[in-house]
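Structural overview
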Amino acid sequence: MDIDYQSKISKVVNGIAPSAIRRFFDLANEMKGEVISLSIGEPDFVTPWNIREAGIFSLEDGNTHYSPNQGYIEVRKAISEYLQRRFDLKYDPKSQILVTVGGSEALDLIARSLIDPGDEVIILEPCFVAYKATVTLAHGVPVVIETKEEDEYRLKPEALEAAITDKTKYIILGYPGNPTGATMSRDDLAAIKDVLVRHPNIFVVSDELYSELSYTGERPVSIASFPELYDRTIVVNGFSKSFAMTGWRIGYMAGPAPLVAAMNKVHQYCIMCSPTTAQYAVIEACRNGDKEVDEMREEYNRRRRVIIKGLNDAGLKCFAPTGAFYAFPSIEGLGLSSEKFCERFLMEKKVAIVPGNAFGKCGEGHVRISYAASMENIQEAMKRLKEFVSDLKEENK
Amino acid sequence: MLNRIELLQLVEHNARVKIADLATMLNASEEEIAAELEACKKDNVILGYTTMINWEKTERETVTALIEVRITPQRNQGFDKIASQFYRYPQVSSCFLMSGGFDLMLIIEDSTLREVANFVSEKIAPLEGVLSTATHFILKKYKSNGTLFTQKPKDDRETIVL
Ligand SMILES: Cc1ncc(COP(=O)(O)O)c(C=O)c1O
């Protein structure tokens, strides 16, 4: 029997274009094991032992059941204390925090709970790939603002003002950012706040997954800390990046109680609750994780400096990233598209990095280099990058 | 400002990092790094650079022994004098004054079983002031000085994660 499966898939799912760089993906995956990979958006560190141990102990203790939908109250209390202590944010553990399956689920719940068909959501590209997809899947319309290297990939108030329409439901801010490593200071955010104050119907979704990884010397500021925006902001955060816990699949959102209740409804029917073992582990992370987090941040910061120097030595223009664990240098003037650059770098020098157009059209002309890799690998990769760029320049002569 | 503690932490487990790399990692000049390392040596903060060796992987049949020693402290000199009689032996790689059920802990590395036995029975036990000794041999090293002696975990993450 001949079934046209493609036609059976919903229009909205079919409407999501396959990743622009799928071919490159396939190629890189075939070479796993023989390449140095600086293309990974997750920590190379293993979850600190005390946190792993807390998870193991919970299993030994027989805690293998569903938790309350919203997450154990003990976990929400620990998260609430952590947010207060580290970011000066106040959330009621009973009504304002929802424990999710990573920041990813939080982003999806937000889209499905807030968007009516046709509502617009402002996203800033280049950005994490899930932003656009979650909005589209929820029948929303992503409205893209292209942030620019000369602005250090910060959102400019004029650009925001110009993108807002009557249909704008919310805006997703992702700082410190993947793939650019950009951060927004208190002053930068204050200018955005001024615009949003003029548009009281718009909500802010602040993806703060990388909030612990900021290298400016100051604690990162959450836009939710502006009193004018507190009631309109949903903070998305998690343990994947800051505590090296990607595989545990746990994160959370914090925001206005009625919205959290609505999200919890969706969460209840599609997930039930986030993994119980992971919930036990993150109580330990929130309460006794600061030292390890600080140590990992210091190590990332040293690698960041090595990367920046390596890029300069190779002659690639790069704005100096101040957060997350990515650099996003420009490869313009070398005569190759991002994808071709990465493909040849992979084949000729055995180093995997990610073409910038994976993160939005305007990412073309750039590549993402992750420094969530060992110092030796970073140093070796930078050496090969320098050779590669000089080979290309030779060719172009 | 160059952070001395951070510099020391970096060289503690890898004494072979190049000055140029340290300078990049710590956002300092090579001259500053070199001067700070020199100052650390002068202040007796950095006492030397050694190599971690797993002797079990070589053909040498040597052992590591921990020797607990109970002693009577000496007038005017406490434990220091008698401790110096132990730690002057080159085969004693570490010597600590301890709280608890015994007084001195001696560590002997890279000696044969017979050498350790002779050392304890001929050099240590007969010394005046020594009340008793207890010798423990290490059967297997899992981790020493922060370094794992077992297989290093390998990085098997996916090649690409967006
Ligand atoms: C900006 C950003 N937000 C959210 C996530 C999702 O993280 P998780 O679902 O593991 O919490 C990622 C992961 O790569 C990310 O880069």
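Residues numbered from 1 in each chain as written. Chains lettered and ligands numbered in written order. Predicted model: local features only at pLDDT ≥ 70, side-chain atom pairs only at ≥ 80, totals over all residues. Heavy atoms only, no water.

For the rest of this paragraph, the subject is the nonpolar core. Residue and element names in this part refer to chain A. Within the largest apolar cluster, 115 residues are counted, with the highest numbers of intra-cluster contacts made by Leu 155, Tyr 170, Ile 171 and Leu 385. With 8 residues, the single largest contributor to this core is helix α15 (residues 375-396). Here Leu 155 is in contact with Leu 124, Ile 145, Thr 147, Leu 160, Ile 171, Leu 173, Tyr 175, Met 184 and Ile 192, once residues within four sequence places are set aside. Ala 78, Leu 83, Val 235 and Val 293 belong to the second-largest nonpolar core, a separate cluster that totals 26 residues. (Core = buried A, V, L, I, M, F, W, Y, C linked by side-chain atoms within 4.5 Å. Buried < 20%, exposed > 50% of the residue type's maximum accessible area, 1.4 Å probe, protein only. Helix = DSSP H or I, 4+ residues; strand = E, 2+ residues; numbered from the N terminus. Contact = heavy atoms within 4.5 Å.)

Okay, the domain arrangement of chain B next. For chain B, the assigned domains read domain 1 (4-42) and domain 2 (55-139). The C-alpha centroid of domain 2 of chain B is placed 35 Å from the C-alpha centroid of domain 1 of chain B. (Domains from an automatic or database assignment.)

Right, let's talk about the site of the ligand for a bit. Surrounding the ligand, one finds 13 residues, the nearest of these being Gly 103, Ser 104, Asp 207, Ser 240 and Lys 241 of chain A. Around the ligand, the nearby residues trace back to chains A and B. The side chain of Tyr 210 of chain A places a nitrogen or oxygen atom 2.9 Å from an oxygen atom of the ligand. Within the contact set of the ligand, an oxygen atom lies 2.8 Å away from a side-chain nitrogen or oxygen of Arg 249 of chain A. Taken by itself the ligand offers 390 Å² of open surface, and the protein chains cover 94% of this. Of all the elements, helix α6 (residues 102-114) of chain A adds the most residues to the shell around the ligand, at 3 residues. (Near = heavy atom within 4 Å. Polar contact = N/O pair within 3.5 Å; in protein donor to acceptor, adjacent residues only side chain to side chain. Areas by Shrake-Rupley, 256 points an atom, 1.4 Å probe, with all protein chains shown as cover.)

Let's shift gears to a nonpolar patch on the surface. All names here are of chain A. There is a patch of nonpolar side chains on the surface, built from Met 1, Ile 3 and Tyr 5 and spanning about 430 Å² of accessible area. Relative to the helices and strands, Tyr 5 is located in helix α1 (residues 5-8). The exposure class assigned to Tyr 5 is exposed, which follows from its relative accessible area of 58%. (Patch = residues over 30% accessible without salt bridge, like charges linked within 9 Å, V, L, I, M, F, W, Y side chains within 5 Å. Salt bridge = Lys/Arg side-chain N within 4 Å of Asp/Glu carboxyl O.)

Moving on to the sheet that holds strand β1 (residues 63-71) of chain B. Residue and element names in this part refer to chain B. Strands sit in the order β2-β3-β1-β4 across an open sheet of 4 strands; the sheet is antiparallel. What marks the edges here is a single partner per strand, and that holds for β2 (92-97) and β4 (130-137). Between one strand axis and the next, the sheet turns through 20° on average, direction left out of account. Across 5 bridges, β2 lies against strand β3 (residues 104-111) in antiparallel orientation. In the strand pairing of β3, Phe 96 is matched with Met 105. (Pairing = 2+ DSSP bridges. Axes fitted to C-alpha atoms, helices over the stretch in contact; angles between N-to-C directions.)

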